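Letter by letter, the chains look like this.
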Amino acid sequence: MKRRKFVHLGAMGIGTLAHWNTSYAAKIKDEKPAWLHQIIRQNDQDFPRYEALRITNQNHPYVGGFRDGDDIPNPQTTGYYVLKVACAVISPESSFYQSTSLVEKGIQATNCLLKMQHADGTIDLLSTNFHSPPDTAFSVEKLSVAYALLQKNNQGDRYSSMMKPLETFLKRCGESLVVGGIHTPNHRWVVSGALAKLYQIWPDPRYKARAEQWLQENMDQDPDGQYTEKSAGIYSAIINKALIAVHQAFNKPTLLDVVRKNLEMTLFYVHPNMEVVTDASNRQDKGGVNMFENYYYGYRYLALKDKNPRFAAMCRLIEKAYFPRIGTHIENFLDEPFLWQELPSGDNIPTHYVKSFPYSGLVRIRRENWDATLLVSNPNFLTFHHGNAILQGLRLAASFFGKGQFQSNDIKQVGNTWILQQKLDGPYFQPHTKDQIDPSGDWEKMPRGNRKQSEIQYLETIIKLEETKGGLLVDIDMKGTDGVPVSLELIFRGDGRFEGVIPSGKENNAYLLKEGEGKYSLGEDSIHFGPGRAEHKAIHLRGGLPFAQAPSVYITGYTPFTHQLFIRQ
């Protein structure tokens, strides 16, 4: 049953509502799919871990609440416990179904949330944000669904004592969200999604009006399908879920088109080991290891709504790769029986392609079990994955006036070749003319830009990348000023095993490839690279980025530096 209809039923008499709730509970017990039963059992298994974080000292101001892993009491961990309690006690498949002792703990945690909440209705994210409307919205997005689940199953007022403080908390949150501000682009849509969730329970016109105020700024989606922050590992999936919530509450089908476009793009952001391509992100997930569980809800929702076989295939891949992670959406699965349907059959996601995303500054190449990402405006201009063997960055630096870290501002395609380039100059500066000299001798008052240049040195780098059997060829041509030390750096991930390299004598995890071919293996997967060249041991050059604190191999030389590197499975 849809939430809007439920709110209408909520205006009926108590007896009618109790009868409807009883029917609802019986209905969902019969219809829940086996995979949801598994997620409910998984939710049960989390409670012992939370018990270790519970604040039990009766003299503690946040008794009944929860600490995080750093021993800091906080509303996020506490709120997530409340959510887990709600999901357990309303589910007949749970070993905690209708558990009065768990409900009592849930009441204590909810009362603690009220203590953690500020008078303006906001909560803190203690690692960075205080009196934060956006972080309040993140909590509302989940706790509003927890409230709705308790409300739907509140026969005999079984959960009223938990619902009352939760209602107070959520309505106070709502007061903050109808006036509160944001920090980042995605916060606009997260706040709008939270207001939509509140509106489905309590249709306060202010909730809708405030969401509309944010929505009138228009969606920040580029032609590639990505959002402003390009945060494929975190915020893009969060935005998708928020926009679906806004559509569900306010009937905004055009927002689903925005979500579809992002999800279609994201099908090409899949590494063979089911990690997300995060290298183009502008946020904290940049270059990090992230999975697709946060995308699962959006893919499943639209796979079912549109009968989209590719989205369904993506759901199956996520389930196969890391099923337990999709439990992060348990409240939505319980609240939306629409999601219980069988996924459409057929089709698969793209696994053999070359595709450019110019607005995100990357090119994706995938050939079944290996893939590569070419990047602009990024010193890690290439990554290469073969299963779990991962080259997480290829970097190039020269000790050229403290600014020789290679980074290309664009990428060009010529036939089957992709070209990156950089031009640098290193001038010296002549004395100021007499009329430009500051009487006090203050250097800052005699701008270097006004001085004539001399002895100008130049360094031009052109890198051409093209596909070869099982991988890539990387042609490097660096020339201009002669005799400049150069360091080509291959940064790997994990605790794999190297062959063909020698210790650099600098860092414990840094090696030189002096000649021939190198190999990096992790489990059954491996990456071959070479040929080697080690004309010096200056692997960390002035002006270059610091050591990546990861297993790394270096190829070194001097300008003019011409080298063809192969990287293959």
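Reference entry: report on the structure contained in this document.

Here is what the cut-offs are and how they apply
Residues numbered from 1 in each chain as written. Predicted model: local features only at pLDDT ≥ 70, side-chain atom pairs only at ≥ 80, totals over all residues. Heavy atoms only, no water. Phe/Tyr/Trp six-rings, centres within 6.5 Å; stacked < 30°, edge-to-face > 60°. Helix = DSSP H or I, 4+ residues; strand = E, 2+ residues; numbered from the N terminus. Buried < 20%, exposed > 50% of the residue type's maximum accessible area, 1.4 Å probe, protein only. Lys NZ or Arg CZ within 6 Å of the ring centre and 35° of its normal. Axes fitted to C-alpha atoms, helices over the stretch in contact; angles between N-to-C directions. Parallel < 35°, antiparallel > 145°, perpendicular 65-115°, else oblique. Left-handed = near helix turned anticlockwise from the far one by under 90°. Contact = heavy atoms within 4.5 Å. Nonpolar A, V, L, I, M, F, W, Y, C, P; charged D, E, K, R; others polar. Pairing = 2+ DSSP bridges. Disulfide = S-S within 2.5 Å.

1. Digging into the packing of aromatic side chains
Turning to step 1, where the next piece is worked out: Inspection of the entire model under this criterion finds 26 aromatic pairs.
Turning to step 2, where the next piece is worked out: A ring pair is formed by Phe47 and Tyr81, whose centres lie 5.8 Å apart and whose planes are at 90 degrees; its orientation type is edge-to-face. Highlighted residues: Phe47 in helix α4 (residues 47–51) and Tyr81 in helix α5 (residues 75–89), separated in sequence by 34 residues. For the pair shown, Phe47 and Tyr81 are each scored as buried.
Turning to step 3, where the next piece is worked out: Joined through ring pairs, the aromatic side chains of Phe47, Tyr50, Phe66, Tyr81 and Phe96 make up one cluster.
Turning to step 4, where the next piece is worked out: Lying over the aromatic face of Tyr297, Lys241 brings its terminal NZ or CZ to 5.3 Å of the ring centre.
Turning to step 5, where the next piece is worked out: Positioned over the ring face of Phe268 is Lys355, at 5.1 Å from the centre of the ring.

2. Section: the packing of helix α12 (residues 253–266) against helix α13 (residues 296–306)
Turning to step 1, where the next piece is worked out: Between α12 and α13, the least distance of the axes is 11 Å, while the angle of their chain directions is 110 degrees. Comparing their axes, α13 and α12 come out roughly perpendicular. Relative to α13, the crossing made by α12 is left-handed. Where α12 abuts α13, its residues Leu256, Val259, Arg260, Leu263 and Thr266 lie against Gly298, Tyr299, Tyr301, Leu302, Lys305 and Asp306.
Turning to step 2, where the next piece is worked out: Of the residues belonging to the contact of α12 with α13, the class tally is 6 nonpolar, 2 polar and 3 charged.

3. What about the sheet that holds strand β13 (residues 497–499)?
Turning to step 1, where the next piece is worked out: Pairing is antiparallel in the open sheet, where 8 strands are placed in the order β8-β9-β10-β11-β19-β17-β16-β13. The sheet is open, and its two borders are formed by β8 (411–414) and β13, each paired with just one other strand. Taking each pair of neighbouring strands and ignoring which way they run, the sheet shows an average axis angle of 20 degrees.
Turning to step 2, where the next piece is worked out: The pairing of strand β10 (residues 453–468) with strand β11 (residues 471–480) spans 10 bridges and is antiparallel. Of the residues in β11, the one forming a bridge with Thr468 is Gly471.

4. A few points about the state of the cysteines
Turning to step 1, where the next piece is worked out: One pass over the structure, following the stated rule, counts 0 disulfides.
Turning to step 2, where the next piece is worked out: No disulfide involves Cys173; its sulfur sits 14 Å from the nearest other cysteine sulfur, which is in Cys112.
Turning to step 3, where the next piece is worked out: Residue classification places Cys173 among the buried residues on the basis of a relative accessible area of 0%.
Turning to step 4, where the next piece is worked out: Cysteine Cys315 remains unbridged, with the sulfur of Cys87 as its closest cysteine sulfur at 19 Å.

5. Description of the sheet that holds strand β12 (residues 485–492)
Turning to step 1, where the next piece is worked out: Read across the open sheet, the 9 strands follow the order β3-β4-β5-β6-β7-β12-β18-β15-β14; overall the sheet is mixed. Both edges of this open sheet fall to β3 (352–357) and β14 (502–503), since each of them pairs with a single strand only.
Turning to step 2, where the next piece is worked out: Where strand β7 (residues 389–398) and β12 come together, 7 bridges link them in antiparallel fashion. Of the residues in β12, the one forming a bridge with Leu394 is Leu490.

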